[in-house]
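Report on the structure
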Amino acid sequence: MELNITCIPGDGIGPEIVAEAKKVLDVLAKKYGHKINYTDILMGGASIDAYGVPLTEEAVQTAKSADAVLMGSIGGDTTTSPWYKLPPHLRPEAGLLSIRKALNLFANLRPAVLYEELAEACPLKKEISAAGFDMLIMRELTGGLYFGERKTVEENGIRKAIDTLTYDETEIRRIAVKGFEIAMKRKKKVTSVDKANVLDSSRLWRKVVEEVAAGYPEVTLEHMLVDNCAMQLVKDPAQFDVILTENMFGDILSDEASMVTGSIGMLASASLNDSRFGLYEPSHGSAPDIAGKDIANPIATILSASMMLRYSFDLDKEADEIDLAVKNVLKEGYRTADIMSDGCTLVGCKQMGDLLAGRIG
Ligand code: IPM
Ligand code: MG
């Protein structure tokens, strides 16, 4: 089959990790007789440097005309990079928010899995980590506080900033449906996270999620307040299957969930719209401090490429090959610096890519 993929190498370690993902995809394509056409676009700091804006309209059009987008990471050091002296709408992150909106990527899937081989990296107590965990955070990605009206004003000499949090029932329903659909393919449990004891948007969230749940009698639904969820993630992460939540709660909880795995360099993500189109990126950031040193972990991006094959192209067999190669290379004891432990073999970014490509080809 022919796969048209737009790549966003981005900033920091982005270009290095995307190069390794392409290496793995190319080996797979050769093995299974697929043809991949890549088109690169700039986003974030790289686009600011080239065009003065974090995302151009042409870049959006290129992405729209592809079947899927594979992204590295964007952004720089917020205290030292000149990008952060620009007004907020011209900073690197604004590019990411705009592409999510422009491509209607309302469903963000962030799996957080404790890899057996990396159990030692888990910062939780052994009694807790022994149970293992495998959860998926389904985060609403194009609504809520991050896209509401915002402004900073001065009233009687007092500066005041206003952000607005809005959700309508259609936005809640479509993400809830995605959450229940994916739960049907997993352990059939949805934990819907909100702040219904305070927020109107959360009370509507709860009602609509319950309406959607009525269509999925096999799925167990529970509601959890976001502050309690933050605690439960470190106390008993094994209780979760699908966590369904709004944009900001999902942003925060997904960082927490990835941290408890102890290996954020391993976690992939997919941002999907209503069709098969998606943007796939690692859950971690651009790590400008280690950029260009060939020490970054490319696995999260490679696993994001696997999610891309699965969700956008229905190439499950090829995706399984990537996932298995990752498991095997870890079993054989190869580690990048972020997941290194005693007795293992330290490898760089390129070497990790070569090892994984080698297991497939
Ligand atoms: C993420 C990031 C982004 C977000 C930032 C960079 C705008 O933190 O993907 O989680 O908050 O969505
Ligand atoms: Mg985040």
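Residues numbered from 1 in each chain as written. Chains lettered and ligands numbered in written order. Predicted model: local features only at pLDDT ≥ 70, side-chain atom pairs only at ≥ 80, totals over all residues. Heavy atoms only, no water.

This part is about the packing of helix 10 (residues 299-313) against helix 11 (residues 316-331). Running from N to C, helix 10 and helix 11 point in directions that differ by 160°, and their axes come no closer than 7 Å. The orientation of helix 10 with respect to helix 11, classified from their angle, is roughly antiparallel. Taken as a pair, helix 10 and helix 11 cross one another with a handedness that is left-handed. On the side of helix 10, the interface is formed by Ile 299, Ile 302, Leu 303, Ser 306, Leu 309 and Arg 310, while helix 11 contributes Asp 316, Glu 318, Ala 319, Asp 320, Ile 322, Asp 323, Val 326 and Leu 330. Its residues placed into classes, the contact of helix 10 with helix 11 shows eight nonpolar, one polar and five charged. (Axes fitted to C-alpha atoms, helices over the stretch in contact; angles between N-to-C directions. Helix = DSSP H or I, 4+ residues; strand = E, 2+ residues; numbered from the N terminus. Parallel < 35°, antiparallel > 145°, perpendicular 65-115°, else oblique. Left-handed = near helix turned anticlockwise from the far one by under 90°. Contact = heavy atoms within 4.5 Å. Nonpolar A, V, L, I, M, F, W, Y, C, P; charged D, E, K, R; others polar.)

What follows deals with the site of ligand 1. Near ligand 1 you find Glu 93, Arg 100, Arg 110, Arg 139, Tyr 146 and Asp 251, and these make up its full shell. Within the side chain of Arg 100, one N or O atom sits 2.7 Å away from an oxygen atom of ligand 1. Calculation on ligand 1 without its partners gives an accessible area of 320 Å², and the protein chains cover 74% of this total. When atom positions are compared with the pocket grids, ligand 1 is found to occupy the second largest pocket. Grouping the amino acids of the shell around ligand 1 by side-chain chemistry returns one nonpolar, no polar and five charged. (Near = heavy atom within 4 Å. Polar contact = N/O pair within 3.5 Å; in protein donor to acceptor, adjacent residues only side chain to side chain. Areas by Shrake-Rupley, 256 points an atom, 1.4 Å probe, with all protein chains shown as cover. 1 Å grid on protein atoms, 1.4 Å probe; cavity = no way out; pocket = protein on both sides within 12 Å on 5 of 7 lines; lining within 4 Å. Sits in = over half its atoms within 2 Å of the grid points.)

Here the focus is unusual backbone geometry. Of note in this structure, Asn 156 is not a glycine but carries a positive phi near 50°. Among the structural elements, Asn 156 can be located in the loop between strand 6 (150-155) and strand 7 (158-163). The phi torsion at Asp 294 lies on the positive side, around 55°, for a residue other than glycine. Looking at the element boundaries, Asp 294 is found in the loop between strand 12 (278-282) and helix 10.

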